[in-house]
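Letter by letter, the chains look like this.
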2 protein chains.
Amino acid sequence: MLKGLSPLLTPDLLRLIATMGHGDDLVVADRNFPAASVAAHTVTGQLVELPMAQNGPVLEAILSLFPLDSFVEKPIHHMQVVGEPDTVLEVHQEAAAIAARAEGRPVALGSIERFAFYEAARQAYAVVQTGETRPYGCFILKKGVIFD
Amino acid sequence: MLKGLSPLLTPDLLRLIATMGHGDDLVVADRNFPAASVAAHTVTGQLVELPMAQNGPVLEAILSLFPLDSFVEKPIHHMQVVGEPDTVLEVHQEAAAIAARAEGRPVALGSIERFAFYEAARQAYAVVQTGETRPYGCFILKKGVIFD
């Protein structure tokens, strides 16, 4: 436990996000995501598991410390609903709202087709798996810069 | 880099202090301290090296997240000047002032004779070595509890 930090920021998760730099991608994925097999292909091979938490609190905890990239139009991408590429689910809207609050600016979400998402996730730095029960609650967050 | 955190809180230092609990002791020591040999005997065997920083900024960074133990009268002990057990140096007064600011309450410092300090330090959780140039800039910090 550390003062002022969410208890969801476990020692391993803290260290993980602290080691990331500008442009590095972090996967935050729901309980159905093939997290271990995807994580094995990532830059670090690291998987942080938070099975007792839903996505919302985990995203709030991460984004309390992790700046989103302001150099790109869409610093977060979510997995598309299969066969419905334009559908935006509540789990996606929630993530956009949490990101906007954390950043103090609107944050636009992009989306990636399921198998392309797996491929993009394998190129990421590491994977965080939550216990999120809603399907398609899978995101790739691009880290930004701290200017001050 | 993470939002709102000192850059002195490196990934390894962040993880280290996050893994500590109530009553665990952290050594923060100057550049002359036998940090590696003492760290080898600690609970974790871990040594975090911050050779470019003086004690003050490192203590400020750590104590921005690390609660001091409020269950004991003296949650910080410093190494005594050899042959002058009652001497309190500026480097010790500085630490007390930084601790008081971080805690929002007066923090009393205890002191330990040099060789007893080495022995106490070997019982600690881990060691952080700074680049502090002033002698006797060696401390043992006892971690406290977060109540809210």
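The preceding data block contains the structure.
Cut-off values and rules
Residues numbered from 1 in each chain as written. Chains lettered and ligands numbered in written order. Predicted model: local features only at pLDDT ≥ 70, side-chain atom pairs only at ≥ 80, totals over all residues. Heavy atoms only, no water. Helix = DSSP H or I, 4+ residues; strand = E, 2+ residues; numbered from the N terminus. Rg over C-alpha atoms; globule rule 2.2 N^0.38 Å. Buried < 20%, exposed > 50% of the residue type's maximum accessible area, 1.4 Å probe, protein only. Contact = heavy atoms within 4.5 Å. Areas by Shrake-Rupley, 256 points an atom, 1.4 Å probe, with all protein chains shown as cover. Pairing = 2+ DSSP bridges. Axes fitted to C-alpha atoms, helices over the stretch in contact; angles between N-to-C directions. Expected span 1.5 Å × (residues − 1). Arc of directions from axis to C-beta.

Q: Explanation requested: the overall build of chain A in the structure shown.
A: When its secondary structure is counted, chain A shows five helices and six strands. Along chain A, helices and strands appear, N-terminal first, in the series α-β-α-β-α-β-α-β-α-β-β. In terms of C-alpha radius of gyration, chain A reaches 14 Å, essentially the compact-globule figure of 15 Å for 148 residues. For chain A, the spread of C-alpha atoms along the three principal axes comes to 45 × 30 × 25 Å. Here chain A holds 148 residues, and 46% of them are scored as buried. Long-range pairs, those at least 24 residues apart, make up 88% of the contacts in chain A with a sequence separation of at least 6. Here chain A displays about 6,600 Å² of accessible surface, and carbon together with sulfur accounts for 53% of that area.

Q: Looking at this structure, I do not really get the sheet that holds strand E4 (residues 109–112) of chain A. What am I missing?
A: One key point about sheets: their strands pair by backbone hydrogen bonds, in either a parallel or an antiparallel sense. All names here are of chain A. Ordered by their spatial adjacency, six strands build an open sheet running E2-E5-E1-E6-E3-E4, and the pairing between neighbours is mixed. Because the sheet does not close on itself, it has two edges, and the strands there are strand E2 (46–50) and E4. Averaged over all adjacent pairs, the angle separating strand axes in this sheet is 25 degrees, with direction ignored. Across four bridges, the pairing between strand E1 (residues 25–29) and strand E5 (residues 126–130) is parallel. Within E5, the residue paired with Leu-26 across the bridge is Ala-126. Contacts from helix H1 (residues 11–18) reach E1, E2 and E5, with the element oriented near 135 degrees to E2.

Q: Got a minute to help me understand helix H4 (residues 90–103) of chain A in this structure?
A: Because an α-helix completes one turn every 3.6 residues, residues spaced three or four positions apart along the sequence face the same direction. Residue and element names in this part refer to chain A. Between its first and last C-alpha atoms H4 spans 20 Å; for 14 residues at 1.5 Å apiece the expected length is 20 Å, and the two agree. Looking only at H4, the buried set comprises Val-91, His-92, Ala-95, Ala-96, Ile-98 and Ala-99. The arc that holds every buried residue of H4, seen down its axis, measures 165 degrees, which confines them to one face. Buried-residue contacts for H4 involve helix H3 (55–63), strand E3 (76–79), E4 and strand E6 (139–142). Two residues or fewer after H4 comes Gly-104, characterised by a positive phi angle close to 70 degrees.

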